[in-house]
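Each chain is listed here by its residues.
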Amino acid sequence: MEFSIRTLAPELAKTGCLVLGVYKSGGASVPALTRAAQAADRAARGRLREVLAQGDLTAKAGSTLLLHKVAGLAAERVLLLGLGEQKAFGETAFRHAVRGAATALQALGARDATLYLADLKAGRRPAAWSLRQAVLVLREAFYRFDQLKTEKKAPAPALTTVTLAQQGGPVTLQAQAAVREAAATADGADLARTLGNLPPNICTPAYLAEEAGKLARQFKLGLEVLERRDMERLGMGALLAVTRGSHLPPKLIVLRYRGGAKKDKPVVLVGKGITFDTGGISLKPAGDMDEMKFDMSGAGSVLGAMRALAGMKAAVNVVGVIPTCENMPGGAASRPGDVVKTLSGQTVEILNTDAEGRLILCDALTYAERFQPDAVVDI
């Protein structure tokens, strides 16, 4: 899905679906039109107000009413979008409204849509905030994870192009940057979601390393992947203790994005990458254990963040550090009561092997010190 922002008169928008906002009026019987909707209504000779007077749209935030082939408008369809009370229109109402528009657009066969949301002010938020949220909410609503299904529903014509339109005045550099940054952020969020949704027999430590390699090649990032022997040489006894029961080799993934000045210290993102967590010898209950594939979501978040930063060409230096392995039971697995030595040289008694996250993260955090970070985010 591609996003753009432009100045455009609503009546001239040649689009599969024209989305116009409508406020819920306090005491009046007919909802109040936004400025863009007013312009469209004038071009349509009052048709929009006539339809609204019938009471088919409550104008509650997120409610919608679809019209076809409105005379005087170039759009194939017009989607009237409820915004809620104008005086109370803020962040929550804005997001609800965009989600409502997304739900309606998913049901249509339109391949492109033009949304007049750039002019809407959500509380005290600037216009750039509204643009970012419009992109993020739409992308989240259209995200689907179905690539592993053998029987897939026939896909409807996909919405591929979205124009965030405004009335009058040139499009500012800040507005263009907001759309670009939001699209990159959505790309990163989609990556993180997909990695979390993948089953543990696919999303293994090696798979995460491969995904890091793809990002490195696509965006020219620095990449280093430490193997078991590297961890043994360094003395990462805590991380190695967690992975002992698994047949899959552990990885310590280090991704470097350099968007700032060379002298600038980096921000280091450290993400937990347990691709499956049985609890080890301290075995978890069987119910809902399938959800422990999500124990690598910290790692997925780091990869998604690196994807977003590189995509938007952020002016900052960032290092992503991902310790990743499985936590499995077995004859070689760590036991409650074992004592291990961390990379920092401290000894730790493992009272419960299901406390694996702090073990792999402590070695990763110690490893992060070598980058002399300005700040560390532990995920």
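Residues numbered from 1 in each chain as written. Predicted model: local features only at pLDDT ≥ 70, side-chain atom pairs only at ≥ 80, totals over all residues. Heavy atoms only, no water.

Chemist: Go over empty space enclosed by the protein, please, and point to the residues and values.
Modeler: Going through the model one piece at a time under the given rule, you end up with one cavity of 30 Å³ or more. Elements that contribute at least two residues to the lining of the largest cavity include exactly α8 (237-243) and α10 (356-368). Here the residues of the lining of the largest cavity are counted per class, giving six nonpolar, four polar and one charged. (1 Å grid on protein atoms, 1.4 Å probe; cavity = no way out; pocket = protein on both sides within 12 Å on 5 of 7 lines; lining within 4 Å. Points joined across faces, edges and corners; volume = space filled by probe spheres on them. Helix = DSSP H or I, 4+ residues; strand = E, 2+ residues; numbered from the N terminus. Nonpolar A, V, L, I, M, F, W, Y, C, P; charged D, E, K, R; others polar.)

Chemist: Which residues make up the nonpolar core, and what values do they have?
Modeler: Judged by nonpolar contacts, the single largest core of 39 residues is most densely connected at Cys17, Phe89, Phe94, Leu115, Leu117, Leu131 and Leu164. Of all the elements in the fold, those that place two or more residues in this core are β1 (2-7), β2 (18-24), β5 (77-85), α3 (91-106), β6 (112-115), α4 (127-142), β7 (161-166) and α5 (173-197). In this view, Leu164 contacts Phe3, Ser4, Ile5, Arg6, Leu115, Leu131, Ala134, Val135 and Val179; residues no more than four positions away in its chain are not counted. With 26 residues, the next largest nonpolar core counts Met236, Val268, Ile360 and Leu361 among its residues. (Core = buried A, V, L, I, M, F, W, Y, C linked by side-chain atoms within 4.5 Å. Buried < 20%, exposed > 50% of the residue type's maximum accessible area, 1.4 Å probe, protein only. Contact = heavy atoms within 4.5 Å.)

Chemist: With reference to specific residues and values, describe the packing of α5 against helix α9 (residues 297-312).
Modeler: Interhelical geometry of α5 versus α9 gives an angle of 155 degrees and a closest axis separation of 7 Å. Relative to α9, the element α5 lies roughly antiparallel. In this structure, α5 crosses over α9, and the sense of that crossing is right-handed. Contact residues: Glu181, Ala184, Thr185, Asp187, Gly188, Leu191, Ala192 and Leu195 in α5; Gly300, Ser301, Leu303, Gly304, Arg307, Ala308, Gly311 and Met312 in α9. Its residues assigned to classes, the contact of α5 with α9 comprises seven nonpolar, six polar and three charged. (Axes fitted to C-alpha atoms, helices over the stretch in contact; angles between N-to-C directions. Parallel < 35°, antiparallel > 145°, perpendicular 65-115°, else oblique. Left-handed = near helix turned anticlockwise from the far one by under 90°.)

Chemist: Help me get a handle on the pairing of strand β12 (residues 317-327), residues and values and all.
Modeler: Of all eleven residues making up β12, eleven are buried, and the element is well covered by its neighbours. Both faces of β12 are covered, namely the face carrying Asn317, Val319, Val321, Pro323, Cys325 and Asn327 and the face carrying Val318, Gly320, Ile322, Thr324 and Glu326. Pairing analysis gives eight bridges linking strand β9 (residues 251-258) to β12, with the strands arranged antiparallel. Residue pairing for β12: Leu255 is matched across the bridge by Gly320. Pairing of strand β10 (residues 267-270) with β12 involves four bridges; the strand directions are parallel. Across the sheet, Val270 pairs through a bridge with Val321, a residue of β12. Pairing of strand β11 (residues 273-277) with β12 involves four bridges; the strand directions are parallel. Counterpart to Asp277 in the pairing with β12 is Asn327. (Pairing = 2+ DSSP bridges.)

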